[in-house]
Amino acid sequence: DEVEDVARRVFLREFSVQAYRCLVEYAADPEQARAWARTEALAEATPWTTRSVLLELAIEDEEWDNARELADDGDLHVGSRERLVELLESHGRPREAAELLTRIVWESLRVADSAKYASVARQLKHIDRLYRESGDATAGPTVIDEIRSTYPNRPSLRAHLDRLD
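Now for a look at the structure at hand. (Residues numbered from 1 in each chain as written. Predicted model: local features only at pLDDT ≥ 70, side-chain atom pairs only at ≥ 80, totals over all residues. Heavy atoms only, no water.)

1. Examining the nonpolar core
In plain terms, the rule: Here the nonpolar core consists of buried residues drawn from Ala, Val, Leu, Ile, Met, Phe, Trp, Tyr and Cys, with membership extended through side-chain atoms lying within 4.5 Å. The rule is simple: take the accessible area with a 1.4 Å probe, protein chains only, and divide by the maximum for that residue type; under 20% is buried, over 50% is exposed, in between is partly exposed. Contacts are assigned to residue pairs with any non-hydrogen atoms lying within 4.5 Å of each other.
Counting residues in each nonpolar core, the largest one holds 46 residues, and the members touching the most others are Phe11, Leu84, Leu109, Leu124, Ile147 and Leu157. Setting aside residues up to four positions removed in sequence, leucine 157 forms contacts with Leu109, Tyr117, Val120, Ile147 and Tyr151.

This is the structure:
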């Protein structure tokens, strides 16, 4: 089909969710088009771009296990992982969202940077809320306590954490 061929070429050129949606919509066999798109994303893109594109495609298709597996890769762009946190939350998966956001916070704290600490504190409040929504009222405070004990020599971080109490 000519429209599907055009959609495939557009996807190869753009590697975007919009191009993917178009491809799947106009494909004679949507499942085959999905498989082809993932194969092409793996074959044509750089390793970093590939993971980001594959994560976006997994999110688009609501393949949560696949998306979480891709998001566990520490080299993946943080923005893609934060998008997955939002989508997990909006799809009624608060514990998974909290776990992923917790990993993002820990990674952001590897290097001391006081400019990040206000954002980290907001993320920790979000983590606490997500865990509470999942029925676990102790996990959020535990994460905060672990961060306090891991980084006792970061006074600016401690000040932001103290404001959470």
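Okay, back to it.
2. Some points on the packing of helix H7 (residues 94–108) against helix H8 (residues 117–133)
Helices that pack against each other are described as a pair by the angle of their axes relative to one another and the distance between those axes. As a reminder of what qualifies: Angles here are taken between N-to-C directions and fall from 0 to 180 degrees, while the axes themselves are lines fitted to C-alpha atoms, restricted in helices to the stretch in contact. Under the scheme used here, helices are H or I runs from DSSP no shorter than 4 residues and strands are E runs no shorter than 2 residues, and both carry numbers assigned from the N terminus. If an angle is under 35 degrees, it is roughly parallel; if it is over 145, roughly antiparallel; if it lies from 65 to 115, roughly perpendicular; otherwise it is oblique. Helix crossings get a hand from a simple test, with the near helix turned counterclockwise from the far one by less than a right angle marking a left-handed crossing and a clockwise turn marking a right-handed one. Amino acids outside the nonpolar list (Ala, Val, Leu, Ile, Met, Phe, Trp, Tyr, Cys, Pro) and the charged list (Asp, Glu, Lys, Arg) are all regarded as polar, and Gly is one of them.
It is at 8 Å that the axes of H7 and H8 come closest, and there the two elements cross at 155 degrees. With respect to H8, the axis of H7 lies roughly antiparallel. Here H7 and H8 pass one another in a crossing that is left-handed. Along its contact with H7, which presents Pro94, Arg95, Ala97, Ala98, Glu99, Leu101, Thr102, Ile104, Val105 and Ser108, the element H8 presents Val120, Gln123, Leu124, His126, Ile127, Leu130, Tyr131 and Glu133. Considering only residue class, the contact of H7 with H8 consists of 11 nonpolar, 4 polar and 3 charged.

3. Looking at the packing of aromatic side chains
Note the cut-off: Each Phe, Tyr or Trp ring (for Trp, its six-membered ring) is paired with any other whose centre lies within 6.5 Å, and the angle between the two planes then decides the class: stacked below 30 degrees, edge-to-face above 60, tilted in between.
Taken as a whole and assessed by the stated rule, the structure comprises 3 aromatic pairs. Ring centres of phenylalanine 11 and tyrosine 20 lie 6.3 Å apart, and the angle between their planes is 55 degrees; this geometry places the pair in the tilted category. Tyrosine 20 matches phenylalanine 11 in its accessibility class, with the two residues each being buried. Taken together, the ring pairs connect Phe11, Tyr20 and Trp36 into an aromatic cluster.

4. Topic: helix H10 (residues 155–162)
Convention followed: The arc in question is the one traced by the directions running from the helix axis out to the C-beta atoms.
Taken together, the buried positions of H10 are Leu157, His160 and Leu161. End-on, the buried residues of H10 take up no more than an arc of 100 degrees, which puts them together on one face. Each element contacted by the buried residues of H10 is listed here: H8 and helix H9 (139–150).

5. Regarding helix H2 (residues 17–26)
Buried within H2 we find Val17, Ala19, Tyr20, Leu23 and Val24. Axial view of H2: buried residues confined to an arc of 155 degrees, hence all on one face. Across from the buried face of H2, at angles greater than 90 degrees, the exposed residues are Gln18 and Glu25.

6. Notes on the environment of tyrosine 131
Mapped onto the elements of the fold, tyrosine 131 is located in helix H8. Tyrosine 131 has contacts with Arg95, Ala98, Glu99, Thr102, Asp136, Ala139, Gly140 and Val143, leaving out every residue within four places of it along the chain.

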